[in-house]
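Observations on chain architecture
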Amino acid sequence: MKHTSIAFVLLALLLSCGDGITENTMTVTGQVKGLKKGVLYLQHIPDSTLAVVDSIQIDGDGHFSLSAELESPEIFYLYLNKKDNNAINDRITFFGEPGTITINTVWNTFDKNADIKGSETHEKLEEYQKMMSRFNRKQLEIMQQALNKELNLSTAELDSLQQLGDKNDKRSYAFALTYALNNKESHIAPYIAVHGVPDANPKYLDSILSVLPPEIADSKYGRALAAILKKNNSD
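Description of the structure in this document. (Residues numbered from 1 in each chain as written. Predicted model: local features only at pLDDT ≥ 70, side-chain atom pairs only at ≥ 80, totals over all residues. Heavy atoms only, no water.)

Time to look at the overall build of the chain. From N to C terminus, the chain includes 7 helices and 8 strands. Residues classed as buried in the chain amount to 34% of the 235 residues present. Taking as baseline every contact in the chain between residues at least 6 positions apart, the subset at least 24 positions apart corresponds to 58%. (Helix = DSSP H or I, 4+ residues; strand = E, 2+ residues; numbered from the N terminus. Buried < 20%, exposed > 50% of the residue type's maximum accessible area, 1.4 Å probe, protein only. Contact = heavy atoms within 4.5 Å.)

Okay, here's the thing in structure tokens:
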């Protein structure tokens, strides 16, 4: 009986190794409701070029499963080639990480109301983007008001709008930096520094890098942040 038990354990280990699943595997599953035909691509940008890591042909059923091996959590894209000669609403952006991520959406509004679950880093990304969109809307309102010739604004009024815009811009930077520092245990921190405020004062970027845990500092976005600071110091 003892030998039989050992054999079963070894067989289970072999089967688990054979399916290609590791602790660094990301599996993306879900459904594109209403999709009858098309190709789904799992993409990312390893260096500077968009690359496909997995794909699946959809034919009559919108369910899908894609996977990738990750060096560290990073931004991925779920791209749908609907073959409808329409390049709009065809790419969902999400923060990939090891484990199972579920994405459910609808084919004709593919990227608009996608429900993404299973990635804690993506949840933080959504929270960050929601707040930043408020700053962006405010900035757009200020610009539209300044450019509206029908208002016939005076120089003093235009200067006041300029000051409001500058203040809003500074607040957005302050929020981004604070959000990164408050989430130093997450891969969202170096991502924000690199892709949100790379032109911020180097001392603030350095303050983010200095508090990152070793495994995050050595991740894709952690190394990118270090490279930005190195370039700033050499200029």
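What follows concerns the packing of helix 2 (residues 120-147) against helix 3 (residues 155-182). Running from amino to carboxyl end, helix 2 crosses helix 3 at an angle of 170°, the nearest separation of the two axes being 9 Å. Classified by the angle their axes make, helix 2 and helix 3 are roughly antiparallel. Along the contact surface, helix 2 presents Lys 124, Glu 127, Tyr 128, Met 131, Met 132, Phe 135, Lys 138, Gln 139, Ile 142, Gln 145 and Ala 146, while helix 3 presents Leu 158, Leu 161, Leu 164, Gly 165, Asn 168, Asp 169, Arg 171, Ser 172, Phe 175, Ala 176 and Tyr 179. Counted by class, the contact of helix 2 with helix 3 contains 12 nonpolar, 5 polar and 5 charged residues. (Axes fitted to C-alpha atoms, helices over the stretch in contact; angles between N-to-C directions. Parallel < 35°, antiparallel > 145°, perpendicular 65-115°, else oblique. Nonpolar A, V, L, I, M, F, W, Y, C, P; charged D, E, K, R; others polar.)

With 28 residues, helix 2 should reach 40 Å at 1.5 Å per residue; the first-to-last C-alpha distance of 41 Å fits that figure. Turning to helix 2, its buried residues number three or more, namely Thr 121, His 122, Leu 125, Tyr 128, Met 132, Phe 135 and Ile 142. For helix 2, the elements touching its buried residues are strand 5 (74-81), strand 6 (91-96), strand 8 (115-117), helix 3 and helix 4 (188-195). (Expected span 1.5 Å × (residues − 1).)

With respect to the secondary-structure elements, Thr 27 resides in strand 1 (residues 25-33). Here Thr 27 is in contact with Ile 21, Ser 65, Leu 66, Ser 67, Gly 99, Thr 100 and Ile 101, once residues within four sequence places are set aside.

Counting across every chain of the model gives 9 aromatic pairs. For the ring pair Tyr 191 and Tyr 221, a centre distance of 5.1 Å and an interplane angle of 70° mean the geometry is edge-to-face. Here Tyr 221 lies in helix 7 (residues 220-234) and Tyr 191 lies in helix 4, a separation of 30 residues in the sequence. This pair shows no difference in class: Tyr 191 is buried, exactly as Tyr 221 is. Here a set of aromatic residues connected by ring pairs shows up, and it is made of Tyr 128, Phe 135, Phe 175 and Tyr 179. (Phe/Tyr/Trp six-rings, centres within 6.5 Å; stacked < 30°, edge-to-face > 60°.)

A few words on the sheet that holds strand 8. Strand pairing in a sheet relies on backbone hydrogen bonds, with the paired strands running either antiparallel or parallel. Spatial strand order, 4-1-7-8: 4 strands in an open sheet with mixed pairing. Pairing within the sheet leaves two strands with one partner each, and these edge strands are strand 4 (63-69) and strand 8. The sheet shows a mean angle of 15° between the axes of neighbouring strands, direction not considered. (Pairing = 2+ DSSP bridges.)

For the rest of this paragraph, the subject is the pattern of salt bridges. Close approach of charged atoms allows side chains with opposite charge to pair. Using the criterion set out here, one finds 5 salt bridges in the structure. When the shortest N-O distance is used, the salt bridge between Asp 115 and Lys 117 registers 3.6 Å. Residues joined by salt bridges that share partners form a network here, namely Glu 71, Asp 218 and Arg 223. (Salt bridge = Lys/Arg side-chain N within 4 Å of Asp/Glu carboxyl O.)

Running from N to C, helix 3 and helix 5 (residues 202-211) point in directions that differ by 15°, and their axes come no closer than 9 Å. Of the possible angle classes, the one that applies to helix 3 and helix 5 is roughly parallel. Taken as a pair, helix 3 and helix 5 cross one another with a handedness that is left-handed. Contact with helix 3, carried on its side by Leu 177, Ala 180 and Leu 181, involves Tyr 204, Leu 205, Ser 207, Ile 208 and Val 211 of helix 5 and no other residues of that element. (Left-handed = near helix turned anticlockwise from the far one by under 90°.)

We now examine the sheet that holds strand 3 (residues 51-59). Read across the open sheet, the 4 strands follow the order 3-2-5-6; overall the sheet is antiparallel. At either margin of the open sheet sits one strand with a lone partner, and together these are strand 3 and strand 6. Across the sheet, the mean angle separating the axes of adjacent strands is 20° when strand polarity is ignored. For strand 5 and strand 6, the ladder comprises 6 bridges, and the chain directions are antiparallel. If you follow Leu 78 over to strand 6, its bridge partner there is Ile 92.

The values reported here are purely geometric and, on their own, carry no functional implication.
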